[in-house]
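Survey of secondary and tertiary structure
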Amino acid sequence: MHYKKILLALVFMSFLFNCKEVDKLTKEVLIIPQPLEQTINKGEFILNASTGIDYDENFKISAEFLKSYIEEGSKLKLQENNTISFIKDDGLTDEGYTLEISPNNIKIKAKTDQGAFYAVQSLRQLLPPEFENGTFEENEIAIPSVTIKDKPQFSYRGMHLDVGRHMFSVDFIKKYIDALAMLKMNTFHWHLTEDQGWRIEIKKYPKLQEVAAYRNETLIGHYNDQPHQFDDNQYGGYYTQEEVKAIVAYAQSRFVTVIPEIELPGHSQAAIAAYPELGCTGVQVEVATKWGVFEDIYCPKEETFAFLEDVLDEVLALFPSEYIHIGGDEAPKIRWNNCEHCQALIKKEGLKGEHELQSYFISKIEKHLNSKGRQIIGWDEILEGGLAPNATVMSWRGINGAIEAAKQHHNVVMTPTSHCYFDYYQSENENEPIAIGGFLPLEKVYSFNPIPEELTQEEAKYVLGAQGNIWTEYMKTSEHVEYMAFPRILAMSEVVWSKPENKSYPDFVKRVEDFHKRLDALNINYANHLYEIEGKLVSNDKRLSFELSNTSNNNHIAYSIDGKEPVYLLYPEYEKPITVDKSMTIKAATFNSNGKQLSSIFSQSINLHKAVGKTITINKEPHKSYPGSGANGLVNGILGSDSRYGGKEWLGFWGDDIEITIDLGVETEINSIKTRFHNGNGQWIYAPTEIEFEFENETKHLKIPESKDNLVNIALYVKVKTRIITLKIANYGTIPEGKQGDGNKAWTFIDEIIIN
Ligand code: ACM
Ligand code: ZN
């Protein structure tokens, strides 16, 4: 029977393919970021040995890029004729272009070489991916006739890279810049100094190279894993000024501006380790070996400003960018609080405390940079204590910093953690490489609108654009950086380039799938979660069923309920939610039409205990950062992760005593109630010490002994008949002295409540 089905499918597929053969005119134009306007016309341009290129000095960079892209990508050599021509059009915007491909020629129109460069990037994406790595072997290639009129929505289209926590080769930095340019991004924010390492050669201060560039060891595993363990390997290095110059020049040849970041006054422990006199105490500290926020920050004294001005002067000589990033984030004020000099300075300058001292610090640096014709950008903490007169704000702790700055008529760049932190997890899959935390899937990046709703149209003009950030605490290799950057950078490129009305996530996903081949050819290690299966138990009129989905719309899901791994066509294809009428394990995977498995095997056990799908209420909402899938998630038959407490199944409450009521609908005989709590004390999470169970006619107490385990399982064995069950779970209380977060309220994290 199955074989008949296969045969039918094959016949049908070949019919479809034949239709496509005839229909050559509608060849798809799949470009990322989505252009402003594209019109597909009849016919196609044939690129072959007689194709030539014609350009003048105005378009030297873009035309030469195209010439070498074609010649290095294939066996073709371009002639000197005007089949491909570059034409100056002063009616266009600086970064805009028109790309007209017709059967006889290709016309690239732009006002600037940069605009033409973006036309070339679009044309590049109309050529087969084999051009990316020089493996195109044919004598000719057809390019669809299309007219593209394009320009960006935002002038700042950026990606950041932290080389302080881990550093990467010059070749990799160039590869990263290449990727930005391909996606029409124009800014590389290079985070060069950190507590854990100073990465730029400053000739006047050799100890920055000798001391600040190296740490003695590095934390192993996640910061939250206690106790901390270290690898015992010295780690470090720095980019020489010659290397920096080469990178800046390389970026210029791709219309990417490199903005260097020299952190101040915080995240400066490495510099203070090299020159202890820059700190408040003068005490020798070491280059940091673990992640986090450190208390030793620059002391605002004359010799510190002299040092920073010298450093910045060398930086200015290397980086022509208008903007210099001066950090400004996460600077604890405890040293300033206890420093005689700092306190005297606060008095002398008539400042209201340490926040205004930070503002004084930043303003002094700004004055120096302004005097050299440059502008500062800083993280949103630079708003605290008053913004320096000309500063641009990079809003990362949400969007409030951006709103505040724009209302004060300061420029802003959007990098809120919620949508722009590519160091966060991109999938809930347990096999993801270790990450700092959080959850930022592709779709969420794609959904980002850089203009906060709170701004008027006038204020919105201060939003220059947005940027994806890559902090590398947990990324030791460039392959891992690529994995975190791709495909989220594709989404970000569209956020900053494309018109919101032109954005469509399903359409984007289709283009991402097509783009995979290009990324493969470019040897870029991208993450692919498009085929990953997601499951969800749904209760409809007391009938339970299980929904399966993936992000890609083009493929097939096959599933099994016999415990075996499903195989396409031998197992049922998922068409509608699977009925759940007993405890079962559902396994599923995504397959293409040829039966090739595209995803890992999804496996979900559903324990159909007596409370599943029943009415549940909790007297408190879970914390908005850890809502799981709401109260129903506690009686959906599905356990959360053993190792991670985020995700859909765990509910987190901060400091609240909670009361959970389950209504079984009818009086039911009960033998046991089981649940489990997360107990990650390093993250302020504590299992409760006691639970009270209330049934209709009796109450039971359960004492829970203190435990060092990350998971605390509890079980109450009873023999009662009841319809209503209430669990009163008192919060652990205040975190005891000597523990992480002592003095704060503890979190309670609870998983499935299993009733049998
Ligand atoms: C930051 O993530 N500390 C700017
Ligand atoms: Zn001080």
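Residues numbered from 1 in each chain as written. Chains lettered and ligands numbered in written order. Predicted model: local features only at pLDDT ≥ 70, side-chain atom pairs only at ≥ 80, totals over all residues. Heavy atoms only, no water.

On to the overall build of the protein chain, then. For the protein chain, the count of helices and strands is 18 helices and 34 strands. Over its C-alpha trace the protein chain gives a radius of gyration of 30 Å, about what one expects of a compact globule, namely 27 Å for 756 residues. In terms of overall dimensions, the protein chain has C-alpha extents of about 90 × 85 × 50 Å along its principal axes. Sequence-distant contacts in the protein chain: of pairs separated by 6 or more residues, those separated by 24 or more amount to 71%. (Helix = DSSP H or I, 4+ residues; strand = E, 2+ residues; numbered from the N terminus. Rg over C-alpha atoms; globule rule 2.2 N^0.38 Å. Contact = heavy atoms within 4.5 Å.)

What follows is about the coordination of the zinc ion (ligand 2). Protein coordination at the zinc ion (ligand 2): the donors are Cys280 (SG), Cys299 (SG), Cys339 (SG) and Cys342 (SG), at 2.2 to 2.4 Å from the metal. In this structure, the zinc ion (ligand 2) is coordinated by four donor atoms arranged in tetrahedral fashion, with angles at the metal of 100 to 115 degrees. Considered as a linear motif, the donors of the zinc ion (ligand 2) on their single chain read C-x18-C-x39-C-x2-C. Pair noted here: Cys299 is in the loop between helix H7 (269–274) and helix H8 (302–318) and Cys339 is in the loop between helix H9 (334–337) and helix H10 (340–348), with a separation of 40 residues, a long-range link. Each member of the pair, Cys299 as well as Cys339, is classed as buried. (Donors = N, O, S within 2.8 Å, 3.2 Å for Na, K, Ca; no water. Tetrahedral: all angles 85-135°; square planar, octahedral: opposite > 155°, others 65-115°. Buried < 20%, exposed > 50% of the residue type's maximum accessible area, 1.4 Å probe, protein only.)

Averaged over the protein chain, the pLDDT score is 94; the fraction of residues at 70 or greater is 96%. Per-element mean pLDDT across the protein chain ranges from 41 in helix H1 (residues 2–22) up to 99 in strand E8 (residues 187–191). This model gives residues 1–26 a pLDDT under 50, and the stretch forms nine contacts once residues within four places in sequence are excluded. (pLDDT = per-residue confidence, 0-100.)

A complete count under the given rule lists three cavities of 30 Å³ or more for this structure. Quantified by volume, the largest cavity comes out at close to 80 Å³. In terms of lining residues, the largest cavity is bounded by Asn679, Asn681, Tyr686, Ala687, Pro688, Thr689, Ile704, Pro705, Glu706, Ser707, Val712 and Tyr732. Residues of the lining of the largest cavity, tallied by class, amount to seven nonpolar, four polar and one charged. Counted as a void, the second largest cavity has a volume near 40 Å³. What lines the second largest cavity is simply Asp423, Ile434, Ala435, Ile436, Trp471, Glu473, Tyr474, Met475, His480 and Met484. Looking at side-chain class alone, the lining of the second largest cavity contains seven nonpolar, one polar and two charged residues. (1 Å grid on protein atoms, 1.4 Å probe; cavity = no way out; pocket = protein on both sides within 12 Å on 5 of 7 lines; lining within 4 Å. Points joined across faces, edges and corners; volume = space filled by probe spheres on them. Nonpolar A, V, L, I, M, F, W, Y, C, P; charged D, E, K, R; others polar.)

The next subject is the sheet that holds strand E26 (residues 602–606). Judged by pairing direction, the sheet is antiparallel, and its three strands sit side by side in the order E23-E25-E26 without closing on themselves. Strands at the two margins of the open sheet, each flanked by one partner only, are strand E23 (556–560) and E26. Strand-to-strand twist of the sheet, defined as the mean angle between neighbouring strand axes without regard to direction, takes the value 20 degrees. Taken together, the five bridges between E23 and strand E25 (residues 584–591) define a ladder with antiparallel strand orientation. Bridging from a neighbouring strand, Ala558 pairs with Ala589 of E25. (Pairing = 2+ DSSP bridges. Axes fitted to C-alpha atoms, helices over the stretch in contact; angles between N-to-C directions.)

Taken as a whole, this structure holds 39 aromatic pairs when the rule is applied. The positively charged end of Arg254 is found above the aromatic ring belonging to Tyr250, 4.2 Å away from the centroid. It is Lys745 that lies over the ring of Trp654; its NZ or CZ is 5.1 Å from the centre. (Phe/Tyr/Trp six-rings, centres within 6.5 Å; stacked < 30°, edge-to-face > 60°. Lys NZ or Arg CZ within 6 Å of the ring centre and 35° of its normal.)

A separate point is the environment of Asp232. Turning to its location among the elements, Asp232 is positioned in the loop between strand E13 (229–230) and strand E14 (235–236). We classify Asp232 as exposed; its relative accessible area is 65%. When the C-alpha atoms of Asp232 and Leu92 are compared, they prove to be 57 Å apart, with 140 residues separating the residues in sequence. Contact partners of Asp232, with chain neighbours within four places excluded, come to Asn216 and Glu217.

Moving on, we get to the sheet that holds strand E22 (residues 543–549). Across the sheet, three strands lie side by side as E21-E22-E24; this open sheet has antiparallel pairing. Of all strands in the sheet, those bounded by a partner on one side alone are strand E21 (534–540) and strand E24 (578–579). With seven bridges joining them, E21 and E22 adopt antiparallel strand pairing. Counted as the bridge partner of Lys536 is Glu547 from E22.

What follows deals with unusual backbone geometry. Leave glycine aside and you will find that most residues have negative phi; peptide bonds, for their part, are mostly trans. Here the amide bond leading from Ile32 into Pro33 is cis, since omega sits at -5 degrees, within 30 degrees of zero. Inspection of the secondary structure assignment puts Pro33 in the loop between H1 and strand E1 (37–47). At the junction of Leu264 and Pro265, the peptide bond is cis and its omega measures out at -10 degrees in the coordinates. Residue placement: Pro265 occurs in the loop between strand E15 (257–264) and H7. One non-glycine residue with positive phi stands out, namely His267, at about 45 degrees. With respect to the helices and strands, His267 occurs in the loop between E15 and H7. Backbone geometry at Leu569 places phi at a positive 75 degrees, although glycine is not the residue there.

Once that is clear, we can look at the pattern of salt bridges. Here the structure, examined in full by the defined rule, presents 39 salt bridges. Linking Asp94 and Lys111 is a salt bridge whose minimum nitrogen-to-oxygen distance equals 3.2 Å. Highlighted residues: Asp94 in the loop between strand E3 (79–88) and strand E4 (97–101) and Lys111 in the loop between strand E5 (106–110) and helix H3 (113–125), separated in sequence by 17 residues. Look at Asp94 and you get partly exposed, because its relative accessible area is 44%. For Glu100, the salt bridge goes to Lys109, with nearest N and O atoms at 3.1 Å. Salt bridges sharing partners connect three or more residues here, namely Asp162, Arg165, Glu194 and Glu473. (Salt bridge = Lys/Arg side-chain N within 4 Å of Asp/Glu carboxyl O.)

Considering the arrangement of structural elements, one finds Tyr235 in strand E14. With 39 residues separating them along the chain, Tyr235 and Gln196 place their C-alpha atoms 9.3 Å apart. In this structure, Tyr235 is in contact with Arg165, His166, Met167, Arg199, Ala213, Tyr214, Arg215 and Thr218, ignoring residues within four places of it in sequence. A distance of 2.8 Å separates a polar side-chain atom of Tyr235 from the backbone nitrogen of Met167. (Polar contact = N/O pair within 3.5 Å; in protein donor to acceptor, adjacent residues only side chain to side chain.)

Let us look at the packing of helix H2 (residues 60–73) against H3. At their nearest, the axes of H2 and H3 sit 7 Å apart, and the two run at 20 degrees to each other. The angle between H2 and H3 places the two elements in the roughly parallel class. As H2 packs across H3, the resulting crossing turns out to be right-handed. Facing H2, whose interface residues are Lys60, Ile61, Ser62, Phe65, Leu66 and Tyr69, H3 presents Asp113, Ala116, Phe117, Val120, Gln121, Leu123 and Arg124. (Parallel < 35°, antiparallel > 145°, perpendicular 65-115°, else oblique. Left-handed = near helix turned anticlockwise from the far one by under 90°.)

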